[in-house]
Amino acid sequence: MEAQKNSIKRLEKSGFFAKEFLENYEKLSATMDEKLKNESAVWQVGDLSPFIDSGVNALCNCQDYPEKYWEKLLLSKFEKQGEETAFIWTLDNGFIYKVRAKKENEIWKISYLEGFDKKNSEVEVIE
């Protein structure tokens, strides 16, 4: 959990993520830690995460990404939803990833990434 705390600090320090995203990330991490400790989940060294059954990286919903992907990344289909804006990011290969952002202190920050949606994983968030 120490490494996880450092990961959350790095995400927060980046300035890209809203408080809502960081709180969800922390809850997912705590749930995974609990399941590993009580052995209701087992994560073998070198294996994919037992918590996300798709076998992809949750940050990009991908296994691989093209070289210089930032030059090919497109944001589209913006849709205002209350205080948030939903959109997708795509690459020129048909990849689609759902994202939401909200303003915090007049700066747009990521509040939701599809890969961290508890509906897309086997992790149930502890409330």
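For the structure itself, consult the block above.
Chains are numbered independently. Their residues run from 1 in the order of the written sequence. Given that this is a predicted model, residues contribute local features only at a pLDDT of at least 70 and side-chain atom pairs are listed and counted only at 80 or more, while totals for whole chains, interfaces and linings are drawn from all residues. Side-chain metrics rest on all non-hydrogen atoms present in the structure, leaving aside hydrogens and water.

A. Inspection of the overall build of the protein at higher detail. Scanning the protein from terminus to terminus reveals two helices and four strands. Put simply, the protein runs from its N terminus to its C terminus through helices and strands in the order α-α-β-β-β-β. Of the contacts formed within the protein by residues at least 6 apart in sequence, a portion of 40% connects residues at least 24 apart. Total accessible area computed for the protein in this model is approximately 9100 Å², and 51% of it derives from carbon and sulfur atoms. Only DSSP runs of H or I reaching four residues or more are called helices, and only runs of E reaching two or more are called strands; each is numbered from the N terminus. Here, two residues are considered to be in contact whenever any of their heavy atoms come within 4.5 Å of each other. Residue exposure ignores everything except the shown protein chains as possible cover, and the areas themselves are Shrake-Rupley values with a 1.4 Å probe.

B. Representation of the packing of helix α1 (residues 2–14) against helix α2 (residues 19–37) in the model. What counts as an axis is a line fitted to C-alpha atoms, over the stretch in contact for a helix, and the angles between N-to-C directions run from 0 to 180 degrees. α2 packs onto α1 with a crossing angle of 165 degrees between their chain directions and a minimal axis gap of 11 Å. Classified by the angle between their axes, α1 and α2 sit roughly antiparallel to one another. Like other packed secondary-structure pairs, α1 and α2 cross with a definite hand, here right-handed. Each of Gln4, Ser7, Ile8, Leu11 and Glu12 in α1 lies in contact with α2, whose residues at this interface are Phe21, Leu22, Tyr25, Glu26 and Ser29. Classes in brief: Ala, Val, Leu, Ile, Met, Phe, Trp, Tyr, Cys and Pro nonpolar; Asp, Glu, Lys and Arg charged; the others, Gly included, polar. Residues that form the contact of α1 with α2 fall into these classes: five nonpolar, three polar and two charged. Angles below 35 degrees are treated as roughly parallel, those above 145 as roughly antiparallel, those between 65 and 115 as roughly perpendicular, and all remaining angles as oblique. Crossings are assigned a handedness: left-handed for a near helix turned anticlockwise from the far helix by less than a right angle, right-handed for a clockwise turn.

C. The arrangement of the pairing of strand β1 (residues 74–81) in detail. Within β1, only zero of the eight residues are buried, which leaves it mostly out in the open. Being paired, for any two strands, means DSSP has found at least two bridges between them. As judged from the six bridges shared by β1 and strand β2 (residues 84–90), these two strands associate in the antiparallel manner. Looking at the pairing, Lys80 lines up with Thr85 of β2. In this structure, the hairpin formed by β1 and β2 is closed by a connection of two residues, where Gly82 is found at a positive phi of approximately 65 degrees. Working definition: with a 1.4 Å probe on protein chains only, accessible area under 20% of the residue-type maximum means buried, over 50% means exposed, and in between means partly exposed.

D. Examining the environment of Tyr97 more closely. With respect to the helices and strands, Tyr97 occurs in strand β3 (residues 96–104). Along the sequence, Tyr97 and Phe87 sit ten residues apart, while their C-alpha atoms lie 8.5 Å from each other. One polar contact links the side chain of Tyr97 to the main-chain amide nitrogen of Gly115, over a distance of 3.0 Å. What qualifies as a polar contact is a pair of N or O atoms within 3.5 Å, subject to a donor-acceptor requirement within protein and to the restriction that residues adjacent in sequence count only when both atoms come from side chains.

E. Region of interest: the side chain of Thr90. Take Thr90: it is sitting in strand β2. Thr90 sits in the buried class, given a relative accessible area of 14%. Every residue in contact with Thr90, bar those within four places of it in the chain, is listed here: Lys72, Leu73, Leu74, Ser76, Phe95 and Ile96.

F. Representation of the sheet that holds β2 within the structure. Spatially, β1-β2-β3-β4 is the arrangement adopted by the four strands of the open sheet, whose pairing is antiparallel. Two strands close off the open sheet at either side, each with one partner strand: β1 and β4 (107–113). On average, each strand axis in the sheet is inclined to that of its neighbour by 30 degrees, with strand direction left out of account. In the packing of α2 onto the sheet, the strands contacted are β2, β3 and β4, and the crossing angle to β4 comes to about 30 degrees.

G. Quick peek at the nonpolar core. Residue types Ala, Val, Leu, Ile, Met, Phe, Trp, Tyr and Cys, when buried and joined through side-chain atoms within 4.5 Å, form a set referred to as a nonpolar core. Counting 17 residues, the largest nonpolar core has Phe17, Phe21, Val99 and Leu113 as the members making the most contacts within it. Secondary-structure elements contributing two or more residues to this core are α1, α2, β2, β3 and β4. Looking at this core element by element, the count peaks at four residues for α2.

Nothing here speaks to function; it is all geometry.
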